[in-house]
Amino acid sequence: MFEQLQAAPPDKILALIGKFKDDPRSDKIDLGPGIYKDQNGETPVMEAVREAEQRLFQSQTSKAYVGSYGDEGFNSAICSLIFGGALDTSRVRAIQTPGGTGALRLLADTLKMANPSAKIWLSDPTWPNHVPIAKAAGLEVASYPYFDPATSGLRFDAMMETLKTCGPNDIVMLHGCCHNPTGANPSFDQWKEIAALANARGFLPFVDFAYHGFGDGLEEDAAAVRLLLEQVPEMVLASSCSKNFGIYRERTGAAVIIGPNAERADVVLSQMASVARGNYSMPPDHGAAVVRIILEDPTLRNTWENELDTVRNRMLSLRVALADTLRSKTGTDTFDFVAHHRGMFSRMPVTDEQIDRLQSEFGIYMVGGGRFNVAGLRDSVIEPFADALVAVRG
Ligand SMILES: Cc1ncc(COP(=O)(O)O)c(C=O)c1O
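Keep in mind the model is a prediction, meaning the values are calculated, not measured.

Got a minute to help me understand the overall build of the protein chain in this structure?
Along the backbone of the protein chain there are 15 helices and 13 strands. Its C-alpha atoms give the protein chain a radius of gyration of 21 Å, near enough to 21 Å, the size a compact globule of 394 residues would have. Structurally, the protein chain occupies a C-alpha span of about 60 × 55 × 55 Å along its principal axes. Counted over contacts in the protein chain with a minimum sequence separation of 6, partners at least 24 positions apart contribute 76%. Looking at the protein chain as shown, the accessible area adds up to about 17,700 Å², and 51% of this sits on carbon and sulfur atoms. Between the mean site of the 38 positive side-chain charges and the mean site of the 49 negative ones, the protein chain shows a separation of 3 Å.

The following block contains the structure:
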């Protein structure tokens, strides 16, 4: 059975983690994997999560199956978090999934079922896992221009030119906030243009919403998806609680669909449940129960929002400190983009060779393409990181 199978290529991020671990230098700096780290380099359990887990432990009376839709209280709480209270959500349906990745795959499978000849457009670059997820679902994959390494900003005009060629057979993947890997995001006015184009051309926006609250705030980060809900007839969204609740390993997310009306939305939801049933059957309960407890309790929710503020403000202040330091060291505004970008990542304008030198000569680990995890920085490493960057760029 297995004779013809070749070994899968090694996972680059896992290889980087291993290399970092084995590096004996005490001043090494890990800017690779996409997990939040605090000032001590730790990824702690949030207080609100710990408290919710204790309540769950005290109150849970059964571990019986929950069903393919998952925790319905979680599904409605997560929709309120994303869309806010003021919008009409009668066309919105959600199903709990194993993480944001599970939501992406469930939506991709459902879209393939809905339209077998659909093509999905991914930003260039995008989160690398988008490609295998879309391909595994059998969708044809294409890419649209997004990031300009020369300016570290968006190629918005080129992006729109490409999206103008899309039509009702096309699905366009958009990062709802905090673009991974670039940190460069459309302005609100640009989102309005994207929404108008989706309406004019009839393509389906597929929003990956993995960093809600990591950019400018819970309300601010949701502005684009709320605009889309108001403007477009149909859309899908993959939500992840991994980062904003810090519950990465609990595999908590939701696949959200917005139909042209409530009846169609119900039909799609029923198909999503059936796809889930034929795959993992039902999502893990724990993380979603924890999120539900937090979001439904005003005191716990307040604790969580304050903790999320701390996380976000730490990344924002590191961004400003790094941009200021690089400005003073280079006497240029080349790196000002670091302060303007949002989310956990930005891309440094460095070549593969320079990335290798950062690793071998300075013990600084970042992934290919120059993506670095802002949260991997600490006040004390801003200066050495800036010095190393200036040194390798010559
Ligand atoms: C852009 C993007 N989408 C989705 C995900 C998936 O997150 P999860 O761990 O919830 O599956 C990630 C995680 O890194 C991500 O960066």
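How do you make sense of the packing of aromatic side chains when you look at a structure like this?
Two descriptors summarise a pair of aromatic rings, namely the distance from one centre to the other and the angle between the planes of the rings. For the coordinates displayed, the defined rule picks out 8 aromatic pairs. Between Phe20 and Tyr365 the ring centres are 5.2 Å apart and the planes differ by 90°, which places this aromatic pair in the edge-to-face class. Here Tyr365 lies in strand S12 (residues 364–365) and Phe20 lies in helix H1 (residues 12–22), a separation of 345 residues in the sequence. Under the relative-accessibility criterion, Phe20 is labelled buried at 17%. Residue Tyr365 is classed as buried on the basis of its relative accessible area, which comes to 3%. The structure contains a cluster of three or more aromatic residues connected by ring pairs, namely Tyr36, Tyr211, Phe214 and Phe345.

Is there a simple way to explain the domain arrangement of the protein chain in this structure?
By a widespread convention, an interface's size corresponds to the accessible area lost as its parts come together. Here the protein chain is partitioned into domain 1 (12–44 + 313–393) and domain 2 (65–296). Each of domain 1 and domain 2 was reduced to a C-alpha centroid, and the two centroids are 28 Å apart. Taken together, the contact between domain 1 and domain 2 spans 15 residues of the former and 17 residues of the latter. Summed over both sides, the interface of domain 1 with domain 2 buries roughly 1,400 Å², with 58% coming from carbon and sulfur.

Just to check I follow, could you spell out the pairing of strand S7 (residues 170–175) for this structure?
With respect to burial, S7 is a largely interior element, 6 of its 6 residues being buried. Sheet analysis places S7 next to strand S8 (residues 204–209), joined by 5 bridges and oriented parallel. Pairing of Ile171 across the sheet is with Leu204, part of S8. Following the chain from S7 across helix H7 (residues 188–201) to the adjacent parallel S8, one finds a crossover that is right-handed.

What exactly am I supposed to notice about helix H3 (residues 72–83) here?
The periodicity of an α-helix, 3.6 residues per turn, causes residues three or four places apart in sequence to face the same way. Helix length check: H3 (12 residues) gives 16 Å between terminal C-alpha atoms against 16 Å at 1.5 Å per residue, within 8%. The buried count for H3 comes to 9 of 12 residues, which makes it a mostly enclosed element. Taken as a whole, H3 has its buried residues at Gly73, Phe74, Asn75, Ala77, Ile78, Cys79, Leu81, Ile82 and Phe83. At the N-terminal end of H3, a side-chain oxygen is found 3.0 Å from the backbone nitrogen of Gly73, two or three residues along, and the residue is Asp71. Gly84 occupies a position one or two residues after H3 and carries a positive phi of about 75°.

Before we go on, may I ask you to explain the sheet that holds strand S10 (residues 253–258) in this structure?
Two modes of strand pairing occur in sheets, parallel and antiparallel, and in both the strands are linked by backbone hydrogen bonds. Taken together, 7 strands build an open sheet; the order of strands is S2-S10-S9-S8-S7-S3-S4 and the sheet is mixed. Only two strands of the sheet have a single neighbouring strand rather than two, namely strand S2 (92–97) and strand S4 (140–145). Neighbour-to-neighbour, the strand axes of the sheet open up by a mean angle of 25°, direction not taken into account. Across the sheet, helix H10 (residues 262–277) is in contact with S2 and S10; its angle to S2 comes to roughly 15°.

Help me understand the pattern of salt bridges, please; the structure alone is not making it clear to me.
In a structure, side chains of opposite charge can pair up when their charged atoms sit close to one another. Counted under the stated rule, the structure contains 18 salt bridges. Residue Lys119 pairs with Glu140 through a salt bridge whose shortest N-O separation is 3.8 Å. Placement of Lys119 in strand S3 (residues 119–124) and of Glu140 in strand S4 is noted, with a sequence separation of 21 residues between them. On the basis of relative accessibility, which here comes to 23%, the residue Lys119 falls in the partly exposed class. Across the pair Arg226 and Glu219 runs a salt bridge, and its minimum N-O distance is 2.7 Å. The exposure class assigned to Arg226 is buried, which follows from its relative accessible area of 13%.

Any chance you could explain the nonpolar core here in plain terms?
Nonpolar side chains in soluble globular proteins tend to be buried together. In terms of nonpolar packing, the biggest core is built from 99 residues, with Trp304, Met348, Phe372 and Phe385 touching the most fellow members. With 9 residues, helix H12 (residues 298–330) is the largest single contributor of residues to this core. Formed jointly, this core draws a minimum of three residues from each of two domains, domain 1 (12–44 + 313–393) and domain 2 (65–296). The contact partners of Phe385, leaving out residues within four places of it in the chain, are Leu31, Leu322, Met348, Ile364, Met366, Phe372 and Leu377.

Criteria and thresholds
- Residues numbered from 1 in each chain as written.
- Predicted model: local features only at pLDDT ≥ 70, side-chain atom pairs only at ≥ 80, totals over all residues.
- Heavy atoms only, no water.
- Helix = DSSP H or I, 4+ residues; strand = E, 2+ residues; numbered from the N terminus.
- Rg over C-alpha atoms; globule rule 2.2 N^0.38 Å.
- Contact = heavy atoms within 4.5 Å.
- Areas by Shrake-Rupley, 256 points an atom, 1.4 Å probe, with all protein chains shown as cover.
- Lys, Arg positive; Asp, Glu negative; His and termini not counted.
- Charge placed at Lys NZ, Arg CZ, Asp CG, Glu CD.
- Phe/Tyr/Trp six-rings, centres within 6.5 Å; stacked < 30°, edge-to-face > 60°.
- Buried < 20%, exposed > 50% of the residue type's maximum accessible area, 1.4 Å probe, protein only.
- Domains from an automatic or database assignment.
- Buried area = accessible area lost by both parts, 1.4 Å probe.
- Pairing = 2+ DSSP bridges.
- Right-handed = clockwise from strand over helix to strand, strands pointing away.
- Expected span 1.5 Å × (residues − 1).
- Polar contact = N/O pair within 3.5 Å; in protein donor to acceptor, adjacent residues only side chain to side chain.
- Axes fitted to C-alpha atoms, helices over the stretch in contact; angles between N-to-C directions.
- Salt bridge = Lys/Arg side-chain N within 4 Å of Asp/Glu carboxyl O.
- Core = buried A, V, L, I, M, F, W, Y, C linked by side-chain atoms within 4.5 Å.

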